[in-house]
Structure formats: structure tokens, C-alpha cells
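Overview (structure and organization)
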Amino acid sequence: MLRTQSPSFRSLVERGSIVRVAGAHDAIGAVLAQNAGFDAVWASSLEASAARCLPDASVLTMTEYLESAANMQKALHIPVVADCDTGYGGNLNVAHMVLEYEAAGITAVAMEDKLFPKMNSFAAHDHTLLDTEAFASKIRTAKSVQSTGEFFVIARTEALISGLGVDEALRRCHAYADAGADAVLIHSKLKSREQIEEFLRGWENRRPVVVVPTTYPDWHVDEVERAGVSTVIYANQGLRATITSLRDAYRTIYETGSSVELEDTIAPVSDIFELQQLAAWQKLEA
């Protein structure tokens, strides 16, 4: 089947078991994540920007990010969760974002409480946050314009990224929950998960919690679930693996003068045809 109806992200969260999400920026990467067994795909702003060799710093427009997310959703039978940075501006931009993403079939978006334009959380930069009430207003706007009850808004706090501590992260997330956020995302760049676990103990399961264990990768998914996390996002490992693989493959071909040393370790062209659903498309010509 060339097009399938995906379940909503909300339906995955409400089933009760942890939702496992992999980051991608194009349809082939998203389908590979789906085929590996992931429940959903994170339309990563870092990956979308990196694919253009541009910084993850609000350089691309909403339209460009939306195109990336929509192309992935069209190829999948699992939901896309769109990384929408700060909502691309003020409240009016947030309203426009929700309407456009929802119209494209995206059932979940995440917004972060940084100032626009934002810089990637792991970059050396002054990660100044938006006023709590101003961001809560963005959440209220997003929820007020959504067309269906299925649409899912994740409020991401960068309080730990900004060095403001767990108490401030909790204060902000309670305000975002009050504003109608369907879940909160708590982010950290420390190499330990201690702050995240402290947050979870203080949060007491008020809303579903999303984590992104990029800098603390040793946290096994079973432990993550036992700690009270609803969703875990492996946000950029696919991109990083791609860079390593391409770098090694191109270097080998160039240095050896042929691709013969790679042929037993790289995918055959038939794999590409399968991912493209070529046989199904060819049947349309019969």
C-alpha cells in the first residue's frame, strides 16, 4: 500500500507503555526507523538543518521544517513528532504552525521555552529562556487553534540547559501543564541522568514526560520506563551513524580506487527498491 493511515501520537502515549522514538530528517531514514521497530519518528530540527549543512539556529523557515516532517509522515504508518523549536516566533506564528502541521497529518509537535531565534542546546551559547508566562501563552494559543482532540502539544523546558536547576524546571513545567500542555519534555546536557531523575521524583506523573538521553546514553529503556518516563527520543543517533558510515565509505573508495572492499558490507540496490516500494508503483503501469 503506497499510503497508510498512521495512528495518532496521543494513542501511543495513552496505551501506557513507553513510547520509543528515533530522530530522522528524511523519508528513507524515517522508514528505516519504523522498520527497526520504533513507535514514532522525531522530525529533528538538528537533523533537518544539518542535512542542509546549516546550523540548528532558527536559520531554516517553518515551511522548510514542515516539508521535511510531512515527507516523512507520508511514507510512514507510525506518527511523526515534529521538533518545532520555539514555535517559529510569537503567538501568531505558533497558531499558524499548529494549523499547518495538523493539516499535513502531523499529530504531535514540541516547542521549547527559549527566545527566538534559538541555538541548539548542545552548542556553546547563552541559552536565554522566554518568560514563563509568555511561553505558557504560546501553549494556550496552540491548544486553542488545534482542529481535533488528537493533536498533542509537548512543552519542552530548557531550564536545565540554561543552568537554572531542577526547581525552576519543575516550576516552569507546572505552569505549562496549567496552560494545557499534553506532555512536558525535560532536557539536559549533563553526562549523568541525576537531574532528570530528580525532576521525575518531583513531577509525580502530573503529565506524561519525554526525555532525550543524548548525553547520558547508558540509561536502558527499561530503567527509563521504571523511572516514570512516557516517551524516550533518540534524537540524532541516526544522523551521527550516517556521517560515520558515509565518511568511511567514501574514504575507502577514494583511497583504494574502487568500491570492491565495501560491496559485502553495504546495502544492495534491491534494498533501495524495496524502501521505495518500487514493485507497488510498477503495478500501477500494468
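Remember, it's a predicted structure, so these values are computed and weren't measured experimentally.

Rules behind the numbers
- Residues numbered from 1 in each chain as written.
- Predicted model: local features only at pLDDT ≥ 70, side-chain atom pairs only at ≥ 80, totals over all residues.
- Heavy atoms only, no water.
- Phe/Tyr/Trp six-rings, centres within 6.5 Å; stacked < 30°, edge-to-face > 60°.
- Helix = DSSP H or I, 4+ residues; strand = E, 2+ residues; numbered from the N terminus.
- Buried < 20%, exposed > 50% of the residue type's maximum accessible area, 1.4 Å probe, protein only.
- Lys, Arg positive; Asp, Glu negative; His and termini not counted.
- Salt bridge = Lys/Arg side-chain N within 4 Å of Asp/Glu carboxyl O.
- Polar contact = N/O pair within 3.5 Å; in protein donor to acceptor, adjacent residues only side chain to side chain.
- Contact = heavy atoms within 4.5 Å.
- Arc of directions from axis to C-beta.

1. A closer look at the packing of aromatic side chains
Per the stated rule, a full pass over the model turns up six aromatic pairs. Arranged with centres 5.7 Å apart and planes meeting at 15°, the rings of Phe-199 and Trp-203 form a pair that is stacked. Note that Phe-199 and Trp-203 are positioned in helix α8 (residues 194–203) at a spacing of four residues, about one turn of the helix. According to the relative accessible area criterion, Trp-203 is buried, its value standing at 2%.

2. Considerations on the side chain of Glu-102
The topology assignment puts Glu-102 in helix α5 (residues 91–103). Within the buried core, Glu-102 has no salt-bridge partner, and the shortest N-O distance to an opposite charge, that of Lys-143, equals 8.5 Å. A polar contact of 3.1 Å, which involves the side chain of Glu-102, links it to the backbone nitrogen of Thr-148. Not counting residues up to four positions away in its chain, the partners in contact with Glu-102 are Gln-146, Ser-147, Thr-148 and Phe-151.

3. Remarks on α8
Inspection of α8 places Ile-196, Phe-199, Leu-200 and Trp-203 among the buried residues, and these make up the whole buried set. The buried residues of α8 all sit within an arc of 100° when viewed along its axis, so they share a single face. Exposed side chains of α8 directed beyond 90 degrees from the buried face belong to Glu-194 and Arg-201. The secondary structure elements touched by the buried residues of α8 are α7 (166–178), β6 (183–186) and β7 (209–211). Of the residues trailing α8, Glu-204 is marked for its positive phi of about 60°.

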